[in-house]
Amino acid sequence: MEMWPHLLALAREWEQGQSQVVLKARQLGISWLLAAYALWTAQYKPASTVLLLSQGEDEAKELLDKARTIWQFLPEDLREQMKDDNKGNISFHGGGEIKALPATEKAGRSYTATVLIPDEAAYHPYAASNYAAYIP
């Protein structure tokens, strides 16, 4: 992954806790950066919950697979030990977890998310009601 200037700028802003809506073209590396940020949060912020919402279950799992791939290629000393790893969830012994969820009408409402990533939100069937529920 090449860390282009726009990716470095986004990463710095996310690290500072800034919320963002990014209108983007394809193939800019942002989905991979989101997966890396989700992984970093789950590994290094104890008891954190990262929710990945995508238009369908398959798409949500695809983003989770990117985080899993990044984890597999990390140097051993940067890889936290996984507690659970299944198709829709990765959790770590420090209590952090990443959950992949389809953007259903009630997606994410029963969780307290440290980070919420609504990937390709323009295609979520309940985007407006989901946003109203998770933005607070």
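This text gives an overview of the structure that appears in the document.

About the thresholds
Along each chain, the written sequence defines residue order, and numbers are assigned to residues from 1. Where totals are concerned, whole chains, interfaces and linings use all residues; where local detail is concerned, this predicted model gives features only for residues with pLDDT of at least 70, and gives and counts side-chain atom pairs only at 80 or more. The basis for every side-chain value is the complete set of non-hydrogen atoms in the structure, without hydrogens or water. Residues are said to line a cavity or pocket when one of their atoms sits within 4 Å of a point; the points come from a 1 Å grid over protein atoms alone, cavities being sets where a 1.4 Å probe fits but cannot get out and pockets being open sets with protein on both sides within 12 Å along at least five of seven lines. Grid points are joined across faces, edges and corners, and a volume is the space filled by probe spheres set on the points. A helix here means a DSSP run of H or I that spans at least four residues, while a strand means a run of E at least two residues long, and both kinds are numbered starting from the N terminus. When residues are grouped by polarity, Ala, Val, Leu, Ile, Met, Phe, Trp, Tyr, Cys and Pro land in nonpolar, Asp, Glu, Lys and Arg in charged, and all others, Gly among them, in polar. Salt bridge, as applied in this entry: a Lys or Arg side-chain nitrogen positioned within 4 Å of an Asp or Glu carboxyl oxygen. The buried label goes to any residue with under 20% of its type's maximum accessible area, the exposed label to any with over 50%, and the partly exposed label to all in between, with areas taken from a 1.4 Å probe on protein chains only. Aromatic rings from Phe, Tyr and Trp, with only the six-membered ring used for Trp, were paired whenever their centres fell within 6.5 Å, and each pair was classed as stacked if the ring planes differed by under 30 degrees, edge-to-face if by over 60, and tilted otherwise. Both a distance and an angle decide whether a charge sits over a ring: NZ of Lys or CZ of Arg must be within 6 Å of the ring centre and within 35 degrees of the ring normal.

1. Side note on the layout of surface pockets
Size it by volume and the second largest pocket reaches roughly 330 Å³. Contributing to the lining of the second largest pocket are 17 residues, with Arg26, Ser31, Glu62, Lys66 and Glu120 lying nearest its centre. Elements supplying a minimum of two residues to the lining of the second largest pocket: helix H2 (30-44) and helix H3 (57-73). By residue number, the principal contributor to the lining of the second largest pocket is H3, which donates four residues. A breakdown of the residues in the lining of the second largest pocket according to their chemical character gives five nonpolar, five polar and seven charged.

2. Section: the pattern of salt bridges
For side chains bearing opposite charge, pairing can occur when the charged atoms are close. Within this structure, the stated rule accounts for five salt bridges. In this structure, Glu57 and Lys61 form a salt bridge, with 2.8 Å as the shortest nitrogen-oxygen distance. Of this pair, Glu57 and Lys61 are both found in helix H3, four residues apart, which corresponds to roughly one turn of the helix. The class of Glu57 is partly exposed, set by a relative accessible area of 44%. The salt bridge involving Glu76 is made with Arg79; its shortest N-O contact spans 3.4 Å. Relative accessible area serves as the criterion here: at 59%, Glu76 is assigned to the exposed category.

3. Considerations on the packing of aromatic side chains
This model, assessed by the stated rule, comprises two aromatic pairs. Both rings, one in Trp14 and one in Tyr37, keep their centres 5.5 Å apart while their planes meet at 55°; by these two values the pair is tilted. Separated by 23 residues along the polypeptide, Trp14 in helix H1 (residues 5-15) and Tyr37 in helix H2 bring together distant segments of the chain. Of the aromatic side chains, those joined through ring pairs into one cluster are Trp14, Tyr37 and Trp40. The ring of Trp71 carries Arg79 above its face, with NZ or CZ at 5.1 Å from the centroid.

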